[in-house]
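# Inside the fold
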Amino acid sequence: MAKKKQDTDVRAELYLRAQIVYGVFIVVALLVIARLVWVMLPNTETAYNAERLESRIFFSDTIISRRGSILARDGEPLATSILRYRIDFDMGSEGFDDEDVFRENVDSLSKLLSAFFRDRSAADYRKRMMAERDEHLKWVYSHDSIVKRSSDLLTWIVDNLRDDAYHIIKVDTAVRDHRPVQILPRAVDFNEWQTLSKYPILNGNMGVTFKKEILDQRVYPYGELGRRTLGAITNNLSEADREKARGQYGIEYIHAEDLRGTNGRSLRQRIAPGFSTTVHSDSSLVASDGYDVVTTLDVEIQHAADAALRRQMIDQKAIWGTTMVMEVATGDILAMVNLGETAEGSGVYYEKENYALSRRIEPGSTFKLVSLLALVEDCGLPITQEYQTYEGRRVQVGGARGPMVQDDHNIGGMIDMKTATAQSSNVYFADAIYQNYKNDNKRYLDFLHHLALDRSVGFDDWGEKRPLILDVKNWNAHTLPNMGYGYAIEMPPIRILTLYNAVANGGRMVAPRLVREVKNGDEVVKEYPTRVMVDQICSEATLAAVRECLEETALTGTTKSFFRDTVALRVASKTGTAKVAQDGDGRGVPYTANYYMGSVVAYFPADNPKYTILTSILTNRSRGRNYYGAGLSGPVVRDLVNYIFYRDEEWHEPITPSLSQQVPVEVKGGNIAQVRRVADKFSPRISFTDREGWGVARMDTLLNVDVKSIERDGTMPNVVGMGLKDALYILESRGLKVTFTGRGTV
């Protein structure tokens, strides 16, 4: 009975244990089910883990849009973006595990790269690639492994009988560094890659061993030409400007919104550290390229202006200079050159600063055009009006407290306005302006406002400085006389150019224009039409009188040495020399520091103007031979006038082909057979004494040709009328020693 009870207790205990185990399994199962349900249902933890996993596998990559081009007026690219490929090698790739295969391919690739880039020897390329592989792919001991000693059955049985069927080997594991390595010396363009992609390793024969990184590289085909106007894309930018793809200055900066386009986005999957591939995704966006900006610049004129200004500045050891060429009717800037020295006295110049816009400075005698307009238009004086200039002596103008004024040469005593303009008389214009406006200073200031001289020309975003004209309440006894000949007022060179262009344009003042339109392919997205600043600066009568004075300057005045002998076209011009209180960096200095700005402005042809040119050069009197406007800037303007005139076909009569036979006016002597052959083409009669040999030819008015043979005796042969080659042969064949000068016919 006791034994039966003991068995019952054991059975109950086992049953209890089974129930406990069963209960545990049920609880675990319920927990698993609950967890599965938890995972399947949306929750922050699941989303967080999934996001972390996805971010380790996939990432979003920005596709940089291609920046638009900056074009010349004829569509020639001045700045453009070229897609290039940077090849990044993965020297830790599995494709490089087999050392024998790697060495074989590297040997071939090194020779091909050396021949392609010509920058280093094949041995250097090979050494570099081997060193990088050793650095990025290392084999280290991992563990021991037991393997069969033999693979075939018979040998294995024998090894078993000898109790030597297995042996231990050491197993190494590859430690890989997948960081990209740049073996090629530079990025390559598409055409270059087409060649390189056929080389070993680069053709993919060893697997994924490299990746192509696409770069959008900014290229300026003409180098530094017009760089200060075009601008530049550099790394020296703020973080905000880099994000906005802005340039540092110029058009690259001003039109950044048009040029940069819209970046795209793509989803990429990581396949190795530093390497990834694009995968399809609905969230991907295609990049939109930037628009092209069409400028008004003419590449040929820009190049000629740069060369002329650079040549003159080197010759005169100047500090900085600017040259601009403007199309009269439209205001288009065809050339804008701004050169400054790299260091003081270096003699090396580059596009350092946009001096045409940023340097507000006293203009000097080029401002006398304003005085001329005021005296004729506002005061009603004829250009025959005379004032005393005191034979070049230093005189006081404007009463006892007025400034001392002097002409730089003796012009005479009483001279008229036309002569004063041509000879650039300081005394004349200082006195004339003072006498006519001394009782109403504001009237003179109002006339300056009428000419829009108190406003910028519209390049404020480019850094244009507004003219500085003192309010009447701030004037003193010196102000009015000094303004008469270009002092006590400051303005950038482009403001003077705009005023002279208005005179050339029949009195209509148009604003200078550097950008004509923005295009998307052939579609014009945005236009910048010609902007009129002043409809009419003066009457037709005043305009005719002013033009006559400016033309006289080129004929008999301060620019006569450059333009008086131009028979083919007439030029209207004006010089300006200002002793300024600025040094080369724009810092204020006393007038005694002897800094001068010399300017020449001209428009042509004078009877029907098409172009206006201004050159301003800053120098110090101690530097070069010239500091006056004519000697300093005149050669640059002259060279540009000549270049444009002879380039423009419409100013030259075309050569009309004639149906009548054209014949030479004379026939060279020489080989008789050759002379006869040529004369047969046009001469009705040819006479000769010998059919062969050498002779001298004569032709009469009836085109009859007579060929006389040269004597073969010991007399000196007559070679007059022969070509140099034939004459040398005849004389030297007779043992004569011949020297000659010149070329052509003897």
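Just so you know, these numbers come straight off a predicted model, no measurement behind them.

## Some points on the sheet that holds strand S11 (residues 333–341)
- Taken in spatial order, the six strands make up an open sheet running S12-S11-S10-S25-S24-S23, and their pairing is antiparallel. Bordering the open sheet on either side are strand S12 (349–350) and strand S23 (572–580), each of which pairs with just one other strand.
- As judged from the eight bridges shared by strand S10 (residues 320–327) and strand S25 (residues 611–620), these two strands associate in the antiparallel manner. Across the sheet, the residue bridging to threonine 323 is threonine 615, located in S25.

## Regarding helix H18 (residues 493–504)
- With 12 residues, H18 should cover 16 Å at 1.5 Å per step; its first-to-last C-alpha distance of 17 Å lies within 8% of that length.
- Here H18 lies mainly inside the structure; 12 of its 12 residues are buried.
- Restricting attention to buried positions, one finds in H18 the residues Pro493, Ile494, Arg495, Ile496, Leu497, Thr498, Leu499, Tyr500, Asn501, Ala502, Val503 and Ala504.
- A positive phi of about 70 degrees marks glycine 506, the residue just after H18.

## As for the packing of aromatic side chains
- Here the structure, examined in full by the defined rule, presents 16 aromatic pairs.
- Pairing tyrosine 387 with tyrosine 428 gives two aromatic rings, centres 5.3 Å apart and planes at 90 degrees, and the pair type is edge-to-face. With tyrosine 387 in strand S13 (residues 386–388) and tyrosine 428 in helix H15 (residues 426–437), the pair connects residues that are 41 residues apart, well separated along the chain. Like tyrosine 428, tyrosine 387 is buried.
- Relative to tyrosine 444, the ring of tyrosine 437 has its centre 5.0 Å away and its plane inclined at 55 degrees; by these criteria the two rings are tilted.
- Judged by relative accessible area, tyrosine 437 falls into the buried class, the value being 0%.

## Brief notes about the sheet that holds strand S6 (residues 210–219)
- If you trace the six strands from one edge of the open sheet to the other, you get S6-S3-S2-S9-S20-S21, paired in mixed fashion. A strand with exactly one partner marks an edge of an open sheet, and here the two such strands are S6 and strand S21 (523–527).
- As defined by bridge partners, strand S9 (residues 292–295) adjoins strand S20 (residues 515–520) across four bridges and the pair is classed as antiparallel. Residue pairing in the sheet places aspartate 292 in a bridge with lysine 519 of S20.

## So, the pattern of salt bridges
- In the structure shown here, the tally under the stated rule is 35 salt bridges.
- The structure contains a network of salt bridges with shared partners spanning Arg67, Arg218 and Glu252.

## Re the pairing of S23
- The element S23 is extensively covered by neighbouring structure, given that eight of its nine residues are classed as buried.
- With nine bridges connecting them, S23 and strand S24 (residues 595–604) associate as antiparallel partners. Bridge pairing in S24 links lysine 579 to tyrosine 596.

## Things to note about the packing of helix H13 (residues 368–378) against H15
- Put simply, H13 and H15 touch, their axes get as near as 10 Å, and they point 40 degrees apart. Overall, the two elements H13 and H15 adopt an arrangement that is oblique. Note on packing geometry: the crossing formed by H13 with H15 is left-handed. Between H13 and H15, the residues in contact are Lys368, Ser371, Leu372, Ala374, Leu375 and Asp378 and Asn426, Phe429, Ala432, Ile433, Asn436 and Tyr437, respectively.
- In terms of residue class, the contact of H13 with H15 is made up of seven nonpolar, three polar and two charged.

## Looking at the side chain of threonine 615
- By secondary structure assignment, the location of threonine 615 is in strand S25.
- Those residues in contact with threonine 615 that lie beyond four places of it in its chain are Leu309, Thr322, Thr323, Gly598, Ser599, Val600, Ser633, Val636 and Val637.

## Considering the nonpolar core
- One finds Phe367, Leu369, Leu373, Met417, Tyr444, Leu448 and Ile537 to be the most contacted residues of the largest nonpolar core, which totals 102 residues.
- Among residues more than four places away in sequence, those in contact with leucine 448 are Phe367, Val370, Leu453, Asp454, Ile469, Met483 and Ile489.
- In terms of nonpolar packing, the next biggest core, distinct from the first, is built from 33 residues, Ala335, Phe604, Val636 and Val637 among them.

Thresholds, definitions, all that
Residues numbered from 1 in each chain as written. Predicted model: local features only at pLDDT ≥ 70, side-chain atom pairs only at ≥ 80, totals over all residues. Heavy atoms only, no water. Pairing = 2+ DSSP bridges. Helix = DSSP H or I, 4+ residues; strand = E, 2+ residues; numbered from the N terminus. Expected span 1.5 Å × (residues − 1). Buried < 20%, exposed > 50% of the residue type's maximum accessible area, 1.4 Å probe, protein only. Phe/Tyr/Trp six-rings, centres within 6.5 Å; stacked < 30°, edge-to-face > 60°. Salt bridge = Lys/Arg side-chain N within 4 Å of Asp/Glu carboxyl O. Axes fitted to C-alpha atoms, helices over the stretch in contact; angles between N-to-C directions. Parallel < 35°, antiparallel > 145°, perpendicular 65-115°, else oblique. Left-handed = near helix turned anticlockwise from the far one by under 90°. Contact = heavy atoms within 4.5 Å. Nonpolar A, V, L, I, M, F, W, Y, C, P; charged D, E, K, R; others polar. Core = buried A, V, L, I, M, F, W, Y, C linked by side-chain atoms within 4.5 Å.

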